[in-house]
Amino acid sequence: MSQSKYNQIKVLHLPKWYPDKFNPTFGLFIQKHIYATTEQTSSSVIYVCPDPKAKEKYIIEISTNKKCLELRVYYSIKNLDGISGKILKLWRYWHANKIAYRKLVEENRKPDLCHVHVLNRPALLALFLKISAGIPYMVSEHWSGYFTESPGFRNPFKRKITNLLIKASAKVTTVSNYLKESMLNQGLINNYEVINNIIEVDSEHKSYKKTSKQIKIVCLARLENKVKNISDIIDALAALKEEGLDFHLDLIGVGKDKDFLKNQAIKKRISKHIYFHGKILNDKAKDVMAKANFLILNSHYETFGVAPLEALSVGVPIIVTDCGGPSEYFKEDMGLLIPKNNLDALIDAIRKMSAEYNKYSSKALKQHVIDNFNPNLIGNKFIEIYNEILKID
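One numbering rule holds for all chains: residues counted from 1, following each sequence as written. Whole-chain, interface and lining totals are the exception, using all residues; otherwise, since this is a predicted model, local features are given only for residues with pLDDT of at least 70 and side-chain atom pairs are given and counted only at 80 or more. In computing side-chain properties, one takes all heavy atoms of the structure into account and sets aside hydrogens as well as water.

Chemist: So what exactly am I meant to see when it comes to the overall build of the protein here?
Modeler: If you tally the helices and strands in the protein, you get 14 helices and 14 strands. Its C-alpha atoms give the protein a radius of gyration of 22 Å, near enough to 21 Å, the size a compact globule of 393 residues would have. Summarising its shape, the C-alpha atoms of the protein cover approximately 65 × 50 × 40 Å along the three principal directions. Per-residue burial over the protein gives 53% buried out of 393 residues. Should any heavy atoms of two residues lie within 4.5 Å, those residues are counted as being in contact. Taking the intrachain contacts of the protein between residues at least 6 apart in sequence as the baseline, contacts between residues at least 24 apart amount to 71%. Using a 1.4 Å probe, accessible areas were evaluated by the Shrake-Rupley method; residue-level cover was limited to the displayed protein chains. Of the accessible surface of the protein, which amounts to about 18,600 Å², a share of 50% is contributed by carbon and sulfur atoms. Seen as two clouds, the 58 positive and the 41 negative side-chain charges of the protein have centres 6 Å apart. Elements are defined by DSSP. Helices are runs of H or I of four residues or more, strands are runs of E of two residues or more, and each kind is numbered from the N terminus. Computation of the radius of gyration draws on C-alpha atoms, with the globule rule given as 2.2 Å multiplied by the number of residues to the power 0.38. Only protein chains enter the accessibility calculation, which uses a 1.4 Å probe; a residue whose area is less than 20% of its type maximum is buried, one above 50% is exposed, and one in between is partly exposed. Residues scored as charged are limited to Lys and Arg (positive) and Asp and Glu (negative), so that His and the chain ends carry no count. Just so you know, the charge point we use is NZ for Lys, CZ for Arg, CG for Asp and CD for Glu.

Chemist: How should I be thinking about the packing of helix α7 (residues 230-242) against helix α12 (residues 343-356) in this particular structure?
Modeler: Think of two packed helices as two axes; the pair is described by the angle between the axes and how far apart they sit. At their nearest, the axes of α7 and α12 sit 9 Å apart, and the two run at 60 degrees to each other. As judged from the angle between their axes, α7 and α12 are oblique. Where α7 crosses over α12, the two elements pack in a sense that is right-handed. Residues D232, I233, D235, A236, L237, A239 and L240 of α7 lie in contact with α12, whose contacting residues are L343, L346, I347, I350 and R351. Each residue is assigned to one class: nonpolar for Ala, Val, Leu, Ile, Met, Phe, Trp, Tyr, Cys and Pro, charged for Asp, Glu, Lys and Arg, and polar for all the others, Gly among them. Looking at the contact of α7 with α12, its residues break down into nine nonpolar, no polar and three charged. Working convention: axes come from line fits to C-alpha atoms, limited for helices to the stretch in contact. Angles between N-to-C directions cover 0 to 180 degrees. Put simply, angles under 35 degrees are roughly parallel, angles over 145 are roughly antiparallel, angles from 65 to 115 are roughly perpendicular, and the rest are oblique. In this scheme, a crossing is called left-handed if the near helix is turned counterclockwise away from the far one by less than a right angle; it is called right-handed if the turn is clockwise.

Chemist: Even after reading the chapter, I still don't get the sheet that holds strand β12 (residues 294-297), so can you show me in this structure?
Modeler: Consider a sheet: its strands pair through backbone hydrogen bonds, and that pairing is either parallel or antiparallel. Two strands qualify as a pair provided DSSP detects at least 2 bridges between them. An order of β11-β10-β9-β12-β13-β14 is seen for the six strands of this open sheet, with the pairing classed as parallel. In this open sheet, the two edge strands, each paired with only one partner strand, are β11 (274-278) and β14 (335-338). Ignoring strand direction, the axes of neighbouring strands in this sheet form an average angle of 20 degrees. Two elements, strand β9 (residues 215-220) and strand β10 (residues 247-252), share six bridges in a ladder whose sense is parallel. Paired with I217 across the two strands is L249, which belongs to β10. Against the sheet, α12 contacts β9, β12, β13 (318-321) and β14, and its axis sits at roughly 175 degrees relative to β14.

Chemist: Is there a simple way to think about the nonpolar core in this case?
Modeler: Soluble globular proteins: nonpolar side chains tend toward being buried together. Residue types Ala, Val, Leu, Ile, Met, Phe, Trp, Tyr and Cys, when buried and joined through side-chain atoms within 4.5 Å, form a set referred to as a nonpolar core. Counting 111 residues, the largest nonpolar core has L12, I46, Y137, I217, I319 and I350 as the members making the most contacts within it. If one sorts the elements of this core by residue count, α7 sits on top with seven residues. Filtering out sequence-adjacent residues up to four positions away, L12 remains in contact with S44, V45, I46, Y101, L104, P111, L113, C114, H115, L125 and L129. Core analysis: the second largest hydrophobic core is formed by 15 residues, A36, L113, I383 and I392 among them.

Right, here's the structure in full:
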């Protein structure tokens, strides 16, 4: 490569998950990774998404944010059923990528490097560009489907395609060592590097004094009980209510098990102590967290675990399970680490934290996040990899 300055590198980001018109928080952690590099690169994003209500075959939206050119292409999947429908969906997905890429070339944004965020489909364009134009690509992975606890990586065809895409990539990053080792255990061999998610600390965020006798607890999680084990949180709080604990649980998130969890709270006679917020924007979620005495994450497995660090970023201690990603960044001065799938340990931890949450330094919790998960730190790690791949001095 002839480039000698980072800001001359043209990077095309190809995310599988990205904020869109249906969900402005979808893949937000991927967007933060991308934005962390845009000051030092010429960055573009192509994000392709199905639209079941689209009246046209393809709708393209173009915007510029944080110096990043973002192209979102929505393709119609209306009345596409059966085997022929699946084939046509795949064709439209591919054609949508081609439409967006032609736009980039017209804007003089032909990439020096492609950065795929979560396999498999987004890597198809990257592989095509590598074969047809010699443009290298790298992969950043967040997906929990590689874990032995998850059923997501059992399809033989998917395994073969993923293996091909990993082998053809110049580098692979994961958000935790747990995810890296899981991918290696699946036979996905490459040169790996762990780069964490970004957690932003707002110095202007309001702090709240915890003077109420009622213990305020927050849980931010997808309402999918097989993964997040929220039912045990409800059971634990029901048991502690019998001991006289006065509490309120803010449960933030959406998912298929919302009704199941609501019914469980009713059966345990603690429904009036739990508020289901549903989906709320990040700033609002942080405000709810800041008012809590502590956060609980009770997952069976996590690739990284953003929610606990979001709580720490507003000075709130945490209870987390030993479930992968969170175990790697947890320190004793953050809160309590407990075994996963252990109701008794969870009850003990909530009891202990309810009595001792005040001993944790809000300032120290925030500072740990600032020191280890800030955009400059994470962004520079990606820039170093771009430099390495493109052999730029």
